[in-house]
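Remarks on the overall topology
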Amino acid sequence: MRKALYPGTFDPVTIGHMDIIERAAKLYDELIIAIMVNPRKKCTFDSKERKALIEKCIRNLPNVRVVIGDGLTVDLADREGCNTLIRGIRAVADYEYELAQATANLMLNNRVETLFMVARPEYSFLSSSIAKEIAIFDGDITNFIPEEIKKEVYDRLYINKDNGKSQ
């Protein structure tokens, strides 16, 4: 069985993440989305909330599941029986960062390869941070966040809820 691990923060998952998830799910028998706990990052949603949000978005993908991980990603990949890490690349800056991470991971565990998947052009600018910034001011996040979780994102982030505009 071919299994891959797609690690990330996913705070929250975006339609760009979902595009990578859907494309990677076609390449592997099982795709495991790993919500990695990074103590250096302050997240809007805790890891259990992020897991629940992603699970709402992957209901139609029977070969995809979500786990919460901490520590080294390659160690989690080993525990899950995965020999491939999936990473999305939006721009040159992503590539430079991801290349360094992939090289370090290869040195830590040469049984785990990294597969870079290039973002579709329409998602090349998209990040969770951008989506959150738009939601804070009640902007339209339709082209940023999956429909299944828009309400949760607005409910958590919209700063002027008293005027009744929140969706």
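No experiment lies behind these values; they were computed from the predicted model shown.

Re the layout of surface pockets
Its volume calculated, the largest pocket comes out at about 1,200 Å³. Around the largest pocket, the lining comprises 42 residues; the ones closest to its centre are Gly8, Thr9, Lys41, Arg87 and Glu98. If one sorts the elements of the lining of the largest pocket by residue count, helix H4 (residues 92–108) sits on top with 8 residues. Tallied by class, the residues present in the lining of the largest pocket amount to 18 nonpolar, 15 polar and 9 charged.

Quick word on the sheet that holds strand E2 (residues 30–36)
Taken in spatial order, the 5 strands make up an open sheet running E3-E2-E1-E4-E5, and their pairing is parallel. Whereas interior strands pair on both sides, the edge strands pair on one side only; in this sheet they are strand E3 (64–69) and strand E5 (113–118). Neighbouring strand axes in the sheet, compared pairwise and without regard to direction, differ in orientation by 30° on average. Here 6 bridges tie strand E4 (residues 84–89) to E5, and the two strands are oriented parallel to one another. In the strand pairing of E5, glycine 88 is matched with methionine 117. Against the sheet, helix H2 (residues 47–57) touches E2 and E3, its axis set at about 175° to E3.

Examining the confidence of the model for the chain
The predicted model of the chain has a mean per-residue pLDDT of 93, with 95% of residues at 70 or higher. Note on residues 163–167: pLDDT is under 50 here. Beyond four places in sequence and across chains, it has 10 contacts.

Here is what the cut-offs are and how they apply
Residues numbered from 1 in each chain as written. Predicted model: local features only at pLDDT ≥ 70, side-chain atom pairs only at ≥ 80, totals over all residues. Heavy atoms only, no water. 1 Å grid on protein atoms, 1.4 Å probe; cavity = no way out; pocket = protein on both sides within 12 Å on 5 of 7 lines; lining within 4 Å. Points joined across faces, edges and corners; volume = space filled by probe spheres on them. Helix = DSSP H or I, 4+ residues; strand = E, 2+ residues; numbered from the N terminus. Nonpolar A, V, L, I, M, F, W, Y, C, P; charged D, E, K, R; others polar. Pairing = 2+ DSSP bridges. Axes fitted to C-alpha atoms, helices over the stretch in contact; angles between N-to-C directions. Contact = heavy atoms within 4.5 Å. pLDDT = per-residue confidence, 0-100.

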